[in-house]
Structures are given as structure tokens and as C-alpha cells.
Amino acid sequence: MSSETTSPVQAAPSTTPPLSPISPISPSTLRLPHCRQRDRSPSPMRGYLIPSPLPTRRNRTCSATARASEGPVFSGVCKCFSRSKGHGFITPSDGGADIFVHISDIEGEYVPVEGDEVSYKICSIPPKHEKIQAVEVTITHLAPGSKHETWSGMVVDS
């Protein structure tokens, strides 16, 4: 017998490394799982809407809130307010231009209507801080002879 032993199975030299059955061959063959493309919102205006630049109570910075709360209290009369639109305007009692008020800055149980006397503080509106808006708005006197709605929807005669 010879000292050479031959095995019945000979390993062929490999030119490519062995691949696992789940790994891709190259990054170009990677594919995302197929999923149905759908619009995130059924609104037809979705592509045309831009975020509101008006700072509401929720997105106002802490420093702007602190400056507003330290400021003086002004008084005026509600010129108009639309609950469905979420904003309105106040005419200052000392004259001047009307002041914007957002629905999130109304305090108290009643929705303001035209003629209500209100007290408020002011806060500048970014980005240029050229305009102001009323914050911490409280109705001091309800307009006589008008119907007032509470935030829960009840209607009260004044």
C-alpha cells in the first residue's frame, strides 16, 4: 500500500465566496417590500397647504409666553370672532389697529361675539415680530342683548 490516500470527493477551487440564501448578491438587487401607494390625506388641498406661521398657545416659545405674561393688561372690544375659522379681531379701547386673536388664547367659558368687552395682553408674531396678537384674552363684560355660546355648545342669552 502506498502512503498516498485518495479521497473519493475532491473539493473544487472556489472563485466566489459562499452566499447565504437570504443575503442579496449586490446592493443594486435590494428592493423594498411591495406596498400599496396611497395618499396620506384625502384632502384635495393637501399639496397646497402650508403650515401656519401664527404662534398658538401650544407652539409659542417659553420666552415669548413669559414676555407676554409680564406685560401690561389692555382692554378692548371684540370686533369679530369666528369659531369655525379659529380666530378673530379685537379693537383696542385706546384706538389703533385691530389686534388678531387666536382661538387657543381665549380664556373663560364663553365664545366671544361682536361687542364683548375683553382684557388681553399682547405678544409679537414671528418671524419679523412686526405685528402683534392678543394673548390671555378674557371677556370682562358680555355684550348686552346678544346670545353667547359656551365652548361646550350651550347657548345663553345675556
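Residues numbered from 1 in each chain as written. Predicted model: local features only at pLDDT ≥ 70, side-chain atom pairs only at ≥ 80, totals over all residues. Heavy atoms only, no water.

Next up on the list: the pattern of salt bridges. On inspection of all chains with the given rule, the structure shows three salt bridges. Here Glu 149 and Arg 83 are joined by a salt bridge, their closest N and O atoms 2.9 Å apart. On the criterion of sequence distance, the pair formed by Glu 149 in strand E7 (residues 147-149) and Arg 83 in the loop between strand E1 (74-82) and strand E2 (87-92) is long-range, its members being 66 residues apart. Taking the relative accessible area as the measure of exposure, Glu 149 reaches 32% and is therefore partly exposed. Note that Glu 136 is salt-bridged to Lys 121, the shortest N-O span being 3.6 Å. Of this pair, Glu 136 sits in strand E6 (residues 131-141) while Lys 121 sits in strand E5 (residues 117-125), and the two are 15 residues apart along the sequence. For Glu 136, a relative accessible area of 28% translates into the label partly exposed. (Salt bridge = Lys/Arg side-chain N within 4 Å of Asp/Glu carboxyl O. Helix = DSSP H or I, 4+ residues; strand = E, 2+ residues; numbered from the N terminus. Buried < 20%, exposed > 50% of the residue type's maximum accessible area, 1.4 Å probe, protein only.)

Moving on to the nonpolar core. What tends to happen in soluble globular proteins is that the nonpolar side chains get buried as a cluster. Grouped together as the largest cluster of nonpolar side chains are 12 residues: Cys 78, Phe 81, Ile 90, Ile 99, Val 101, Ile 106, Val 111, Val 118, Tyr 120, Ala 134, Val 137 and Ile 139. Aside from chain neighbours lying at most four places away, what touches Ile 139 is Glu 107, Tyr 110, Val 111, Pro 112, Asp 116, Glu 117 and Val 118. (Core = buried A, V, L, I, M, F, W, Y, C linked by side-chain atoms within 4.5 Å. Contact = heavy atoms within 4.5 Å.)

Before going further, it helps to examine the environment of Asp 116. Inspection of the secondary structure puts Asp 116 in the loop between strand E4 (106-107) and E5. Separated by 38 residues in the primary sequence, Asp 116 and Cys 78 have C-alpha atoms spaced 5.3 Å apart. Within the local environment of Asp 116, its side chain forms a polar contact with the side chain of His 148, the two groups lying 2.7 Å apart. (Polar contact = N/O pair within 3.5 Å; in protein donor to acceptor, adjacent residues only side chain to side chain.)

Attention now moves to the pairing of strand E3 (residues 99-102). Both faces of E3 are covered, namely the face carrying Ile 99 and Val 101 and the face carrying Phe 100 and His 102. Note: E2 against E3, four bridges, orientation antiparallel. By the bridge assignment for E3, Phe 89 is matched with Phe 100. The loop that links E2 with its antiparallel partner E3 comprises six residues; one of these, Gly 95, has a positive phi angle of about 90°. In this structure, E3 lies alongside E6, joined through two bridges in parallel fashion. Within E6, the position partnered with Val 101 by the bridge is Ala 134. (Pairing = 2+ DSSP bridges.)

Once that is clear, we can look at the state of the cysteines. Enumeration according to the criterion identifies zero disulfides in this entry. Distance from the sulfur of Cys 80, which forms no disulfide, to the nearest cysteine sulfur (Cys 78) is 6.6 Å. (Disulfide = S-S within 2.5 Å.)

Moving on, we come to the packing of aromatic side chains. Summed over all chains, the structure comprises two aromatic pairs. Measuring from centroid to centroid gives 5.9 Å for Phe 89 and Phe 100, while their planes differ by 75°, and the two rings are edge-to-face. Taken as a pair, Phe 89 in strand E2 and Phe 100 in strand E3 lie far apart in primary sequence, 11 residues in all. (Phe/Tyr/Trp six-rings, centres within 6.5 Å; stacked < 30°, edge-to-face > 60°.)

Next up on the list: the environment of Gly 71. Tracing the chain through its elements places Gly 71 in the loop between helix H1 (62-70) and E1. A residue is classified by how much of its surface remains accessible, and Gly 71, at 26% relative accessible area, is partly exposed. Along the chain, Gly 71 and Ile 122 lie 51 residues apart, while their C-alpha atoms are 7.4 Å from each other.

This part takes up the pairing of E5. Here E1 runs beside E5; their pairing, made up of four bridges, is antiparallel. Bridge pairing in E5 places Phe 74 opposite Tyr 120. In terms of strand pairing, E5 meets E6 through eight bridges, oriented antiparallel. For Glu 117, the partnering residue across the bridge sits in E6 and is His 141. Between E5 and E6, which pair antiparallel in sequence order, lie five residues; one of them, His 129, sits at a positive phi of approximately 60°.

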